[in-house]
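Chain and residue survey
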Amino acid sequence: MRWVGAVAALAACSSPAPGSDDASMGDAPPVAGWTTGAPVAQGAIQETAAVAVAGKVYLIGGFDDNEGVVARVQIYDTVTGGWSDGPALPRALHHATAATDGTTIFVAGALTGTNFATIGDVYSLAPATETQWQARASLPAGRERGAAVADVIGGKLYVAGGFRNLNASNLVDVFDPMTNLWTPLDPLPANRDHACGGAVMGALVVVGGRTVQTGSIRSEVWSYDPGANTWTPRAPLPTARGGMGCGVIGDVLYVAGGEGNPAVSSGVFANVEAYTLASDSWAQLAAMPNPKHGVGGAVWDGALYLCGGADTEAFGAIAATDVFRP
């Protein structure tokens, strides 16, 4: 989300917004189908993180519809469609950076309060065996941030970019859960926050986002090779935007929604685009039925779950659950 300038109304679009960068467009994956799940049980919520473990989506923190910051963790059962409460976070936060290795959930940095203060708190939760979040080594001093891109590759948690002291960051760090240690890595080629991405074929892909110094939404895409500790530029995102929901299904990264759209009064994008790293190409898919931003994407059983979010730029929390299955 942008922390200034809320606007109203809602509109959908199925083509890139004016001014979007061109990109290499490959053969499209099968046209995606959208369905609606049960709305978030405790009401509208935005600027959450989300991950899926054992068929359940964990919705972590965020702003409620009164712009209050919550410590809630809400769990959506992808089989029954029901909601339940999970272990609360140690503190209220929003714009958390989260990922999972399939059994353990990691939260690595976030923002707090309405002043978007940066924190480096790191927690983990293994839902099958734990009922409370465990404190882990914090992000190193001077490298605390939220709204970053993260995923687990080779058992290690990689965190790239993010929002720090009201500015975009190019910081990149890796966390080893076995040693409980953080290690700085080569930075992103440019500062970026509110990007999205994930692990594709053993690489961390970082897509779009914003540079807060100018308020601009971006289309650049990079992939990170953990073995070589190097970043490689990739085909740009066809529709520049920030605050998207995304997830990796198979070897394809799906990017949905986002904010910064000058073509509609809501400022929100309905665009859905898919990136294939193997061919370094993008494909445009059917638009979202409920355009939104500020929503974490979680993947389970070949579907992308987008729970909550906001239907207007900045604050405009909603409770809708949208499910995208290619």
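Above this text you will find the structure in question.
Analysis parameters
- Numbering of residues starts from 1 in each chain and follows the order in which that chain's sequence is written.
- Restriction of local features to residues with pLDDT of at least 70 applies here, the model being predicted, together with a cutoff of 80 or more for giving and counting side-chain atom pairs; totals for whole chains, interfaces and linings are based on all residues.
- Think of the side-chain values as coming from all heavy atoms in the structure, minus any hydrogens and water.
- Where helices and strands are cited, they refer to DSSP runs of H or I of at least four residues and of E of at least two residues respectively, numbered from the N terminus.
- Accessible surface area values rest on a Shrake-Rupley calculation with a 1.4 Å probe, where residue burial reflects the displayed protein chains alone.
- To sort residues, take the accessible area from a 1.4 Å probe on protein chains only and compare it with the maximum for the residue type: under 20% means buried, over 50% means exposed, and anything in between is partly exposed.
- Take the buried Ala, Val, Leu, Ile, Met, Phe, Trp, Tyr and Cys residues and link them wherever side-chain atoms come within 4.5 Å; each set so joined is a nonpolar core.
- Contacts between residues were defined by any pair of non-hydrogen atoms, one from each residue, lying within 4.5 Å.
- Strand pairing requires that DSSP identify at least two bridges connecting the strands.
- Ring pairs are drawn from Phe, Tyr and Trp, using the six-membered ring of Trp, whenever the two centres fall within 6.5 Å, and their geometry is named by plane angle: stacked under 30 degrees, edge-to-face over 60, tilted for the rest.

1. Focus: the overall build of the protein chain
The number of helices and strands found in the protein chain is zero helices and 28 strands. Counting every atom, the protein chain has about 11600 Å² of accessible surface; 51% of that belongs to carbon and sulfur.

2. Some details on unusual backbone geometry
With a phi close to 55°, H95 is a non-glycine residue in the positive phi region. Among the structural elements, H95 can be located in the loop between β7 (83-85) and β8 (98-100). H95 sits in the buried class, given a relative accessible area of 4%. At A314, a position not held by glycine, the phi torsion is positive, near 70°. Here A314 is to be found in the loop between β27 (303-307) and β28 (321-325).

3. What about the nonpolar core?
Core analysis: the largest hydrophobic core is formed by 18 residues, its most contacted members being Y58, I60, L89, L93, I105, V107 and W133. Listed by contribution, the elements that provide at least two residues to this core are β3 (49-53), β4 (56-60), β6 (73-77), β9 (105-112) and β10 (117-125). Apart from residues lying up to four places away in sequence, L93 is in contact with G61, G62, V69, V70, A110, L111, T112, I119 and Y123. In this structure, V205, V221, V248 and L277 belong to the second largest nonpolar core, which totals 16 residues.

4. A word on the pairing of strand β22 (residues 245-249)
Of all the five residues making up β22, five are buried; the element is thus mostly covered by neighbouring parts of the structure. In β22, alternate side chains face the same way, and those of G245, G247 and I249 on one face and C246 and V248 on the other are all buried. The pairing of β22 with strand β23 (residues 252-256) spans five bridges and is antiparallel. Bridging from a neighbouring strand, G247 pairs with Y254 of β23.

5. Remarks on the packing of aromatic side chains
Under the counting rule described, the total for this entry stands at 12 aromatic pairs. Look at F63 and F116: their rings are 5.9 Å apart centre to centre, the planes differ by 35°, and that puts the pair in the tilted class. Of the two residues, F63 is situated in strand β5 (residues 63-64) and F116 in the loop between β9 and β10; the sequence distance between them amounts to 53 residues. Under the relative-accessibility criterion, F63 is labelled buried at 0%. According to the relative accessible area criterion, F116 is buried, its value standing at 5%. Consider the rings of Y158 and Y224, whose centres lie 5.9 Å apart with planes at 50°: the pair is tilted. Placement of Y158 in strand β13 (residues 156-164) and of Y224 in strand β20 (residues 221-225) is noted, with a sequence separation of 66 residues between them. For the pair Y158 and Y224, a shared accessibility class is recorded, and that class is buried. In this structure an aromatic cluster arises from ring pairing among F63, F116, F163 and F315.

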